[in-house]
Amino acid sequence: MKFSQINWINDGWTVIQDADAEKHVLEISCFAKDGQVTEIRKRHNDGEEEKLTKKINDEFALPMSLEAFKKAVEAGKINLK
């Protein structure tokens with residue numbers, strides 16, 4: 001999925017990356033409430049799911065504004081692989 005195709009949602013789930021079993025690509029989505037990202041989920045094809053609700057990496061933590069999260073994702077500063 002290209003970042004320009006993402007329909008960012010202020011209240012609800014936004015799919016950041018669609019899963020692709022053949023390429024072993026995960027589905028990644030984020031949940032925002034009132035414009036604040038509060039949870040990120042990474043789903044594997046085998047049903048395994050990882051939920052991030054606090055620290056994303058050394059630079060970013062949740063909750064954070066959807067605008068800041070969007071800019072960081074588009075700039076490649078948040079690696080959710």
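Here is what the cut-offs are and how they apply
Residues numbered from 1 in each chain as written. Predicted model: local features only at pLDDT ≥ 70, side-chain atom pairs only at ≥ 80, totals over all residues. Heavy atoms only, no water. Helix = DSSP H or I, 4+ residues; strand = E, 2+ residues; numbered from the N terminus. Buried < 20%, exposed > 50% of the residue type's maximum accessible area, 1.4 Å probe, protein only. Pairing = 2+ DSSP bridges. Salt bridge = Lys/Arg side-chain N within 4 Å of Asp/Glu carboxyl O. Phe/Tyr/Trp six-rings, centres within 6.5 Å; stacked < 30°, edge-to-face > 60°. Lys NZ or Arg CZ within 6 Å of the ring centre and 35° of its normal. Polar contact = N/O pair within 3.5 Å; in protein donor to acceptor, adjacent residues only side chain to side chain.

What follows covers the side chain of Gln17. Tracing the backbone through its elements, the reader meets Gln17 in strand β1 (residues 12–17). What makes Gln17 buried here is its relative accessible area of 14%.

Each regular strand displays side chains that alternate between the two surfaces of the sheet. Of the strand pairs in this sheet, strand β3 (residues 36–43) and strand β4 (residues 49–52) are connected by 4 bridges, and their pairing is antiparallel. By the bridge assignment, Arg41 is partnered in β4 with Lys51.

Take the pattern of salt bridges next. Taken as a whole and judged by the stated rule, the model has 6 salt bridges. One salt bridge connects Glu39 with Arg41, and the closest N-O pair in it is separated by 2.4 Å. Exposure remark for Glu39: the relative accessible area of 15% places this residue in the buried category. Taking the relative accessible area as the measure of exposure, Arg41 reaches 18% and is therefore buried. Here Asp58 and Lys55 are joined by a salt bridge, their closest N and O atoms 3.3 Å apart. When its relative accessible area of 76% is taken as the criterion, Asp58 is described as exposed. Given the relative accessible area of 54%, Lys55 is considered exposed. Each of the salt bridges in this network shares a partner with another, and the network as a whole consists of Glu27, Glu39, Arg41, Arg43 and Glu49.

Right, let's talk about the packing of aromatic side chains for a bit. In total, this model carries 2 aromatic pairs according to the counting rule given. When the centroid spacing of 6.1 Å and the interplanar angle of 80 degrees are considered together, the rings of Trp8 and Phe69 count as edge-to-face. Of this pair, Trp8 sits in the segment before β1 while Phe69 sits in helix α1 (residues 66–74), and the two are 61 residues apart along the sequence. A single burial state applies to Trp8 and to Phe69, both of which are buried. The interplanar angle of 55 degrees and the centroid separation of 5.2 Å between the aromatic rings of Trp13 and Phe31 together place this pair among those described as tilted. On the criterion of sequence distance, the pair formed by Trp13 in strand β1 and Phe31 in strand β2 (residues 27–33) is long-range, its members being 18 residues apart. Positioned above the aromatic ring of Trp13, the side-chain terminus of Arg43 is 5.9 Å from the ring centre.

Here we come to the environment of Asp58. Note that Asp58 resides in the loop between β4 and β5 (64–65). With 42 residues separating them in the primary sequence, Asp58 and Ile16 have C-alpha atoms 21 Å apart. Within the structure, Asp58 has its side chain in polar contact with the side chain of Lys55 (distance 3.3 Å).

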